There are 4 protein chains.
Amino acid sequence: MTVNFRSDNETPVAPAIMEALIEANHGTAFAYANDDWTNQLNEAFSDLFRSQVTVLSVSTGTVANAIALATITPPWGIVFCHSNAHILRDESGAPEFFGNGLRLVPVGGKNGKIDITLLEAAIKDSEGHGIHSYVPSALSLTQSTETGTTYSIDEITALCEFAHGLGMKVHMDGARFANSVASLGCHPAEISVEAGVDLLSFGASKNGCMSAEALVIFDPSVNTETTQRLRKRSGHLLSKMRYVSAQLLAYIENNLWLHMADHANRQAAKFAACVDAHPQARLEFPVQANKVLLNWSEEGFKQLEDGNVQFLPWPGRDDLARLVFGYSTTDQDTLTLIRVFNGINV
Amino acid sequence: MTVNFRSDNETPVAPAIMEALIEANHGTAFAYANDDWTNQLNEAFSDLFRSQVTVLSVSTGTVANAIALATITPPWGIVFCHSNAHILRDESGAPEFFGNGLRLVPVGGKNGKIDITLLEAAIKDSEGHGIHSYVPSALSLTQSTETGTTYSIDEITALCEFAHGLGMKVHMDGARFANSVASLGCHPAEISVEAGVDLLSFGASKNGCMSAEALVIFDPSVNTETTQRLRKRSGHLLSKMRYVSAQLLAYIENNLWLHMADHANRQAAKFAACVDAHPQARLEFPVQANKVLLNWSEEGFKQLEDGNVQFLPWPGRDDLARLVFGYSTTDQDTLTLIRVFNGINV
Amino acid sequence: MTVNFRSDNETPVAPAIMEALIEANHGTAFAYANDDWTNQLNEAFSDLFRSQVTVLSVSTGTVANAIALATITPPWGIVFCHSNAHILRDESGAPEFFGNGLRLVPVGGKNGKIDITLLEAAIKDSEGHGIHSYVPSALSLTQSTETGTTYSIDEITALCEFAHGLGMKVHMDGARFANSVASLGCHPAEISVEAGVDLLSFGASKNGCMSAEALVIFDPSVNTETTQRLRKRSGHLLSKMRYVSAQLLAYIENNLWLHMADHANRQAAKFAACVDAHPQARLEFPVQANKVLLNWSEEGFKQLEDGNVQFLPWPGRDDLARLVFGYSTTDQDTLTLIRVFNGINV
Amino acid sequence: MTVNFRSDNETPVAPAIMEALIEANHGTAFAYANDDWTNQLNEAFSDLFRSQVTVLSVSTGTVANAIALATITPPWGIVFCHSNAHILRDESGAPEFFGNGLRLVPVGGKNGKIDITLLEAAIKDSEGHGIHSYVPSALSLTQSTETGTTYSIDEITALCEFAHGLGMKVHMDGARFANSVASLGCHPAEISVEAGVDLLSFGASKNGCMSAEALVIFDPSVNTETTQRLRKRSGHLLSKMRYVSAQLLAYIENNLWLHMADHANRQAAKFAACVDAHPQARLEFPVQANKVLLNWSEEGFKQLEDGNVQFLPWPGRDDLARLVFGYSTTDQDTLTLIRVFNGINV
C-alpha cells in the first residue's frame, strides 16, 4: 500500500470541516461576502488573536499573500523575503502582478529563516538615489518556514522591530501558521500581532480545509478598501462566500486547527527521531513543524520509493527530499514510512 | 415567511453536488489541478460539446471572464460587450486588470442583446489611426443576458460571423448558459462552438454548485499557456482543485445542469405569465431564462416587500425590479410570490 | 507650392525656443531634473498662474495626461472625458497603462465640450454597488477642444464645481491651452486654477517647442511622489532635462507662448471668415482657437488637394476635414489657402 | 575652477548634434515618427551594423531597455542581468512596469561582467515546477559595464550562445556602447549582432546627443508591433520625432559617435595611468571605457573635493568613487584632475 508524504496540499477535507459545509448548506444567503458566516469573521478572529482585526476571506494562500503585499508596497517598493519563500518561488509572480511590478528581494539565513544581518545587508545593498531606486517597503516572513522550521517569538519580534524601525511593514505568510503555534505551544497572538506582524495570511487549506484562507489584518492603518478591491478585481470575491467562511469558523472553533496541526507535527516528530537515529540519513533542518527535509543517498530514496512511500525531491538537490505530514496522516502511515525507511520488510 | 428572489447567487449547493464533494473527499489527491477529477474535464466537456475542447477549472465567473478576455485581447485591444454586461458593470475592472489596460466598449441593443448594427457603428467609431488607437479584438456575448433573454442560434451565428470577419475572437459569458440551453431546447454546442464562439465561461455556481466554473476553450489557436499562467498568477490555481472539478463533473453528468436550469426557467415562466396578465405591471423584457425584469409602480414593489418577497431594484430605475429564479426555488416559493403579487392574502 | 494645414504637430521649433536651447548648451549641468533650468520651473509657473504650483517637465502631452490621470484615479476609478478626447482616441491606452486598468468613460456634448447634463447622466449610469463597480474619480477637460472650440471661464467653473461636489478631481488636457487663453483674452489662471482645475497638462510642443510639456499641479493634495515615480518608471526622467526646461522657460517668458498662439488663432479666424462667407462650405464648429473643422463636399476637398493644400480628413466622415493653423503659419500660407478655397487660380 | 567628472549625463550637446537640430528645423514635417529623418533610420543603422535591422527612436535609455525587455519576456519571465545593472538599480522598475511584473534576477561576476558559471547557477536556482515558477527568458548585458569595463567579442559570443541554447533572447544595454566599440577597436556589429545580441539599446545621450537613443532590433522574430505599441502607450512617440532622429543620424555619420567616445576613453586612460602609478590609490577595475572607479582613502577624496574636482561616491562604499569622462572633457580638465590627484598645487 502506498503512503503519501508528498504534500499536505494533497490531503482531503477534515470531517468537521465537511460537516460545517453541510450545515451551512441550508436556505439562501446573501452573496458576495455579505452572509452571516462571513459577518462573524472579524469578531471570531479578533477573539482568536485577542486584538481587533479585519479579516478578508479568500480561497488560496497565493491570493492572500498577493493582496497583502500589494496593499502595503507601492509598485516601486521592495518586499524582502527568504530565498526559499513561496511568494518568490511558487506563485508565478502573483505579488508582482497584484503589486504592478513591485520587487521581491531574496534574503538568506540558516534553517529557512531570514538572518537579520543578511537582511540589513540586503537593505543596504538596495539603497540607491531617491526616485531612481526601489524603496524597502515590506518584510515577508514565512511561518512555519518552507523547510519545516519555526521562528521563535523573539526572532519574530526582533525582525519586526528592525523592519518597523526602517518604516517597513511586516507580512507573515502563515500557510502553515497552525503548525508553528502548535510547535511552540504559544498563543497565536504571540507570534503575530503581539510580535509586531502587520498582516497575516492565515492558512487553512493545507490543514484540513477545502479552499479557505484568511487574510488577517492587524495594523489598522492598512487600507482595507484596497484589499477588498484587489480581491474583487482578481475574481476572488466568491458569490457563495458562506462556504469559505463556514470553513474558517469551524476551523478555529474549539482549537480544531491546533489539534490538527499538533497531530501532523507529532507524526513528523516521530519520523524525525528515526532519521536522527539512522546511520546514514540525516535531517537537513531541525524539525519544528510538519515537514521533514531528509538528507539521504540515491539508494536511500530508491528504498523509500520501492516501499511505496511517496515524497517530493527538493529542487536542484539530489541528496534531499521533502516529506510532509498532515492532519490526516495516520499512525499507521507513519509506521509504514518508518519501517520502509529502516529497511524493515513491510 | 420570506421568499427570496434576489439572486441565484444566494442559493445553496444542490444535494447532488454536495454528494459529489463528499465522494471526492477520500484519500489524498495530487494538488494544483493534477488530480483525477480535473484530468477528466477535457474529455467530459469535449463530449458535452461534441468537439475537442480544453477546460480550465476556476472558482468564479469573474476570473473565467477575465482570463478569457486577457488571453485573446492585447493591452491595446477593445472588447465589445453589451452596455449591461457583467464584465463592464460588475467586475470592478477584472478584465482591465488581467488584460493590462485593455478596453471595454459598450454596445446597445434591445432585450439586453447586442444589436449587430450598433456593434458595427461602435467598431467604426473606434477606428483610428494605427498605433494611436485601440484595436477591435474581441466580442463578448452574455448568454443568457443580464436581462433574462436568450440569444437564438441564428443571432449568435450572425454575431460570430461578423466578428470573425473582422479578425475578432468571440467570448461568451455563460454565467447562466444552462438557462439558455434549457430555454432553447437546443444542444449546448449549437449556441457555442457550432455557432462560432471561441471561448465560453461555463457557469455553474449560480445553478447549484458551490464555487465552480469552467473556462471552455473551443478555438485551438487560443494560447492555453497564457490562460494557465493567468490562473496561477491571479491566485486561482487551487491546491485542492479536485473539489472544483468534482463539482463540474457531477454538474454535467446525466444532464443535471439542464434539469436544474429547466426547473428555474419554469418557475420564472409561471410568474411571467402572471405579470403578463396583470393590469398594471408588465414585463420589461421577454422572459427566456430564469430572470424576470418586472416593470411596476412604487406601490407595487411595496406590496411585494410587505408580503416578504425579496428582490433587487434595478440600478437607476424606480420602476424596475429584478426577480431571479433558481434551481432551488420551490413551487411553493413561486406560488407565494404570485399570491403576493396578485394581492391575495397569504 | 504646398501649404500644410495638417497639424500644428508638424511645425518646426520657434526661433526663440531654438535660441534658448543653444543658450542652455554651455558646460555641464546636473542630470535628471536637478539642473538650474528645471529648478526654476516651480517659481516661474507659480508666477504665471499667480498661485503656488508644482511642475513636472516631460516630453509629450500623452505622458503628462497619463501621469496626471493615474495619480488622481485608482485602478478601479473612472475618468470622464469628451467622446472626442485625445486621451480616449489617440493615446493607445496610455492612461489605462499608467493607471493599471483605470477606465475612461466618454461623455457627449456639443461643440466638442462636455455637456454637464450628459456628464450627470453618465455618472448616474456608472453607479453600481460598491466594490463591484468603478468609482467616478476624475473629469478630464480638453482646452481648447479637439474640434477647435474653447470652454468659457463659466463653463469650466461650473464643470469643476460639479465634479468637486461629487469628490472628483479635475484634469485639463491643455495641449492647446495657449490657444484658448489667447482666444478668451483672459489670464491663464482664470481658466485653470481659479476655475477649479486641479492638474493641467500645459502643452508647448504644438506651439513652437521641440518636445516640451509641463504637468502643472495646482491641488496641493496631489501626490507628487507618485507623479515623479511614474515619470521615472515610464522612462521620462530625461538625463538632460535642462533642454526641456529651458524650452519651457523661454516659452512662457514675455508671453511668447501667447503671442504665438494668438498668431495661430488669427490665421484660423481669417480662413473661418471665408468659410462663413462661402455658399457651400460651412464651419462644423465655432472657430475659437487654431483649428477649423470644415464641412464641405468631396469636390471641395479635391479642389483643396489639387491646389496643394494639405489637411487631414476627419475620421469616419466624408464631409469633414480638419485644418490646423500654427504659430509658424504665415500670412502667405493662409492667403494661399483662401485663394485655393475660393477657386482663385494660384 | 571646478572640473566635473560626475557623469557623462551632465555634458552638453555636441556642436555637430546641435547643428543637425538646427538643420532639421526647417519647414513642416510629418508627425509621430513619419518624418524623413526617422524614415532613414532603418537603412542607416542597417548599414552601420552591416545587417538588416529595425530601429525604434526614443528619448531615453530607460525606455529603450524597458521596451526591449518587455517585448522579449512574458510577465512570468526572468531577465538575468549583472547585479550592478542600470535596469536593476537605476530605473525604478521601468522593466517591471512595461513588462507587467516580469522579474529581474541579478548575477554576479568580476569586473562588472556576468560570469557564465554564476549565470548557469542562477538559472538552475530559478528552476521550478512548471506553471508555478518564472521562466528564464532573457539575458541583459551592459556594454560598457557600469564599472567601466568592456566585454570582449568572445565573452559576448559565449554568453549569447549559452543564452540562446536555453531559448533565451539577449538584450544589450548599450548606454555606453560607443565607448566599448572605441575601446576594442572593433566593428560595432562584432560585439552585437554578429556575437548573437538580439536587441541593442544604442545609447547616444551620454555621448553628445540631447535626448536620443535607438532601440536596434537585430532579431527578425522580435514583435515590432509590440515595441511600437509600448512606445506609444508609454508616451514616447514624440510628435516631433524628427529632432530625435536627426540627432541619431548625425551621431552615426562619419563615425562621429566613435570619435567622441574615443576621446572620452583617452581622457579616462590618461587618468587611469596616473592612478596606477599612485602609491596609495588604485583602480578598482580595469579601465576599458570612459569610467574610472577609483579606490582611495577618505583623505584622498577630500583632496579631490578641495581641488574642485567633482565626482560621485559609489553607493555603499566609503573607499570608492566614480569619475566619468565625456566627449566634452578637455585635455585641460583631465590635466587639472591629474594635478589635484597628485597633490600638485593648481
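Residues numbered from 1 in each chain as written. Chains lettered and ligands numbered in written order. Predicted model: local features only at pLDDT ≥ 70, side-chain atom pairs only at ≥ 80, totals over all residues. Heavy atoms only, no water.

### Some points on the pattern of salt bridges
Point 1. Evaluation of the coordinates by the stated rule reveals 60 salt bridges over all chains.
Point 2. Residues C:Asp262 and C:Arg266 are paired through a salt bridge, measuring 2.7 Å at the closest nitrogen-oxygen approach. Remark: C:Arg266 and C:Asp262 occur in helix H12 (residues 256–277); sequence separation between them is four residues, near one turn of the helix.
Point 3. For C:Asp262, a relative accessible area of 24% puts it in the partly exposed group.
Point 4. Connected via shared salt-bridge partners are A:Arg282, A:Glu284, A:Arg317 and A:Asp319. (Salt bridge = Lys/Arg side-chain N within 4 Å of Asp/Glu carboxyl O. Helix = DSSP H or I, 4+ residues; strand = E, 2+ residues; numbered from the N terminus. Buried < 20%, exposed > 50% of the residue type's maximum accessible area, 1.4 Å probe, protein only.)

### Thoughts on the interface of chain A and chain B
Point 1. At the interface, 47 residues of chain A touch 47 residues of chain B.
Point 2. In total, about 4,100 Å² of surface goes out of reach between chain A and chain B, with carbon and sulfur atoms giving 55% of it.
Point 3. When residues of chain A are sorted by the area they lose upon contact with chain B, A:Phe97, A:Arg233 and A:Lys240 head the list and together hold 19% of the total.
Point 4. Counting across the chain A and chain B interface gives zero salt bridges.
Point 5. Going through the elements one at a time, helix H1 (15–24), helix H4 (61–72), helix H6 (94–98), helix H10 (224–233) and helix H11 (242–252) of chain A are the ones with two or more residues in the side of chain A that touches chain B.
Point 6. Counted by class, the side of chain A that touches chain B contains 17 nonpolar, 19 polar and eleven charged residues. (Contact = heavy atoms within 4.5 Å. Buried area = accessible area lost by both parts, 1.4 Å probe. Nonpolar A, V, L, I, M, F, W, Y, C, P; charged D, E, K, R; others polar.)

### Let's talk about the sheet that holds strand E10 (residues 291–295) of chain A
Residue and element names in this part refer to chain A.
Point 1. Spatially, four strands are ordered E9-E10-E13-E12 in an open sheet, and the strand pairing comes out antiparallel. Taken across any chain shown, the strands that pair with only one partner, and hence form the sheet edges, are strand E9 (282–283) and strand E12 (312–313).
Point 2. By the bridge criterion, two bridges tie E12 to strand E13 (residues 320–324) in an arrangement that is antiparallel. Bridging across to E13, leucine 312 finds its partner in arginine 322.
Point 3. Strands in contact with helix H12 (residues 256–277) are E9, E10 and E13; relative to E10, the strand with the most contacts, it is inclined by about 20 degrees. (Pairing = 2+ DSSP bridges. Axes fitted to C-alpha atoms, helices over the stretch in contact; angles between N-to-C directions.)

### Structural notes on the domain arrangement of chain A
Residues and elements named next belong to chain A.
Point 1. Taken domain by domain, chain A consists of domain 1 (3–10 + 256–341) and domain 2 (15–254).
Point 2. Inter-centroid distance (C-alpha atoms) of domain 1 to domain 2 is 26 Å.
Point 3. Across the boundary between the two partners, domain 1 contributes 21 residues, which contact 31 residues of domain 2.
Point 4. Summed over both partners, the interface of domain 1 with domain 2 comes to about 2,200 Å²; 55% of that surface belongs to carbon and sulfur atoms.
Point 5. Among the residues domain 1 hides against domain 2, the three largest losses belong to Leu256, Trp257 and Gln288. Together they make up 34% of the total. (Domains from an automatic or database assignment.)

### Looking at the nonpolar core
Point 1. Formed by 143 residues in total, the largest nonpolar core has its most connected members in C:Phe45, C:Phe202, D:Phe45 and D:Phe202.
Point 2. Contacts of C:Phe45, omitting those with residues within four sequence positions, involve C:Val53, C:Val55, C:Phe202, C:Ala214, C:Val216, C:Leu248 and C:Ile252.
Point 3. One finds A:Leu119, A:Val216, B:Ala163 and B:Ala261 within the second-largest nonpolar core, a separate group that totals 141 residues. (Core = buried A, V, L, I, M, F, W, Y, C linked by side-chain atoms within 4.5 Å.)

### A word on the interface of chain C and chain A
Point 1. Of the residues lining the interface, 18 residues belong to chain C; the matching set on chain A comes to 18 residues.
Point 2. The junction of chain C with chain A conceals about 1,700 Å² of combined surface from both sides, 57% of it contributed by carbon and sulfur atoms.
Point 3. When the buried surface of chain C facing chain A is broken down by residue, C:Trp76, C:Ile131 and C:Arg229 rank first, second and third, together holding 45% of it.
Point 4. Taken together, chain C and chain A are joined by zero salt bridges.
Point 5. Put simply, chain C and chain A have twelve residue pairs in polar contact (both at pLDDT 80 or more) between them.
Point 6. Looking at the side of chain C that touches chain A element by element, the count peaks at six residues for helix H10 (residues 224–233) of chain C.
Point 7. Along the lines of polarity and charge, the residues of the side of chain C that touches chain A split into seven nonpolar, seven polar and four charged. (Polar contact = N/O pair within 3.5 Å; in protein donor to acceptor, adjacent residues only side chain to side chain.)

### Some words on the relation of the copies chain A and chain B
Point 1. When chain A is brought onto chain B, the operation consists of a screw motion whose angular component is 180 degrees and whose axial shift is 0.0 Å, with 0.0 Å RMSD remaining. Within this description, the copies of the chain are treated as partners about a two-fold rotation axis. For chain A, the smallest separation between a C-alpha atom and the rotation axis is recorded for A:Ser234, amounting to 3.0 Å.
Point 2. Most of the interface of chain A is mirrored in chain B, where 100% of its interface residues are also at the interface. (Least-squares fit on C-alpha atoms with pLDDT ≥ 70 in both.)

### What about the packing of aromatic side chains?
Point 1. Counted under the stated rule, the structure contains 70 aromatic pairs over all chains.
Point 2. Between A:Phe301 and A:Phe311 the ring centres are 5.8 Å apart and the planes differ by 40 degrees, which places this aromatic pair in the tilted class. Of this pair, A:Phe301 sits in helix H13 (residues 298–306) while A:Phe311 sits in the loop between strand E11 (309–310) and E12, and the two are ten residues apart along the sequence. Each member of the pair, A:Phe301 as well as A:Phe311, carries the same accessibility label: buried.
Point 3. Ring plane angle 70 degrees and centroid distance 5.2 Å describe the contact between C:Phe49 and C:Phe218, whose orientation is recorded as edge-to-face. Within this pair, whereas C:Phe49 is found in the loop between helix H3 (41–48) and strand E2 (54–58), its partner C:Phe218 is found in the loop between strand E8 (213–217) and H10, the two being separated by 169 residues in sequence. An identical accessibility class is assigned to C:Phe49 and C:Phe218; each is buried.
Point 4. It is A:Lys232 that lies over the ring of A:Tyr32; its NZ or CZ is 5.1 Å from the centre. (Phe/Tyr/Trp six-rings, centres within 6.5 Å; stacked < 30°, edge-to-face > 60°. Lys NZ or Arg CZ within 6 Å of the ring centre and 35° of its normal.)

### Some thoughts on the relation of the copies chain C and chain A
Point 1. Least-squares fitting of chain C to chain A yields an RMSD of 0.0 Å, with the superposition described by an axial translation of 0.0 Å and a rotation of 180 degrees.
Point 2. In this assembly the copies share their binding face: 100% of the residues contributing to the interface of chain C also contribute to that of chain A.

### Structural notes on helix H9 (residues 177–184) of chain A
Residues and elements named next belong to chain A.
Point 1. Counting buried residues along H9, six of its eight residues qualify, which places the element largely inside the surrounding structure.
Point 2. Within H9, burial applies to Phe177, Ala178, Asn179, Ser180, Val181 and Ala182.
Point 3. Tucked into the core, H9 has its buried residues touching strand E6 (169–174), strand E7 (199–203), H11 and H12.

### Examining helix H3 (residues 41–48) of chain B
All names here are of chain B.
Point 1. Among all positions of H3, only Leu41, Phe45, Ser46 and Leu48 are buried. One face of H3 carries all of its buried residues, which in axial projection span an arc of 160 degrees. Opposite the buried face of H3, by more than 90 degrees, sit the exposed residues Glu43 and Asp47.
Point 2. Where H3 is buried, its residues touch helix H2 (36–39), strand E2 (54–58), strand E7 (199–203), strand E8 (213–217), helix H11 (242–252) and helix H12 (256–277).
Point 3. One or two residues past the end of H3 sits arginine 50, with phi positive at roughly 35 degrees. (Arc of directions from axis to C-beta.)

### What to know about the pairing of strand E4 (residues 103–107) of chain A
All names here are of chain A.
Point 1. Counting buried positions over the five residues of E4 gives four, a clear majority of the element.
Point 2. The pairing of strand E3 (residues 77–82) with E4 spans five bridges and is parallel. Of the residues in E4, the one forming a bridge with isoleucine 78 is arginine 103.

### Some words on the environment of C:Arg282
Residue and element names in this part refer to chain C.
Point 1. With respect to the helices, strands and loops of the structure, arginine 282 is situated in strand E9 (residues 282–283).
Point 2. Classification of arginine 282 as partly exposed rests on a relative accessible area of 43%.
Point 3. Sequence separation of arginine 282 and valine 170 is 112 residues, and the distance between their C-alpha atoms is 33 Å.
Point 4. If we ignore the near neighbours within four places in the chain, the residues touching arginine 282 are Val275, Leu293, Leu294 and Asn295.

### Things to note about the sheet that holds strand E3 (residues 77–82) of chain D
All names here are of chain D.
Point 1. Taken in spatial order, the seven strands of this open sheet run E2-E8-E7-E6-E5-E3-E4, and their pairing is mixed. Of all strands in the sheet, those with a lone pairing partner are strand E2 (54–58) and strand E4 (103–107), marking the two edges. Each adjacent strand pair in this sheet contributes to an overall mean axis angle of 20 degrees, direction not counted.
Point 2. Sheet strands touched by helix H9 (residues 224–233): E2 and strand E8 (213–217). Its angle to E2, the strand with the most contacts, is close to 5 degrees.

### Observations regarding the pairing of E2(D)
Residues and elements named next belong to chain D.
Point 1. In terms of residue burial, E2 counts as a mostly covered element, since four of its five residues are buried.
Point 2. Bridge count for E2 against E8 is five bridges, and the pairing is antiparallel. When the sheet's bridge partners are listed, valine 58 is paired in E8 with glutamate 213.

### Concerning the packing of H3(B) against H11(B)
All names here are of chain B.
Point 1. Their axes nearest at 11 Å, the elements H3 and H11 cross at an angle of 25 degrees. Between H3 and H11, the crossing angle belongs to the class labelled roughly parallel. When you trace H3 past H11, the crossing you get is left-handed. Across the interface between the two elements, Leu41, Ala44, Phe45 and Leu48 from H3 touch Ser245, Leu248, Leu249 and Ile252 from H11.
Point 2. Counted by class, the contact of H3 with H11 contains seven nonpolar, one polar and no charged residues. (Parallel < 35°, antiparallel > 145°, perpendicular 65-115°, else oblique. Left-handed = near helix turned anticlockwise from the far one by under 90°.)

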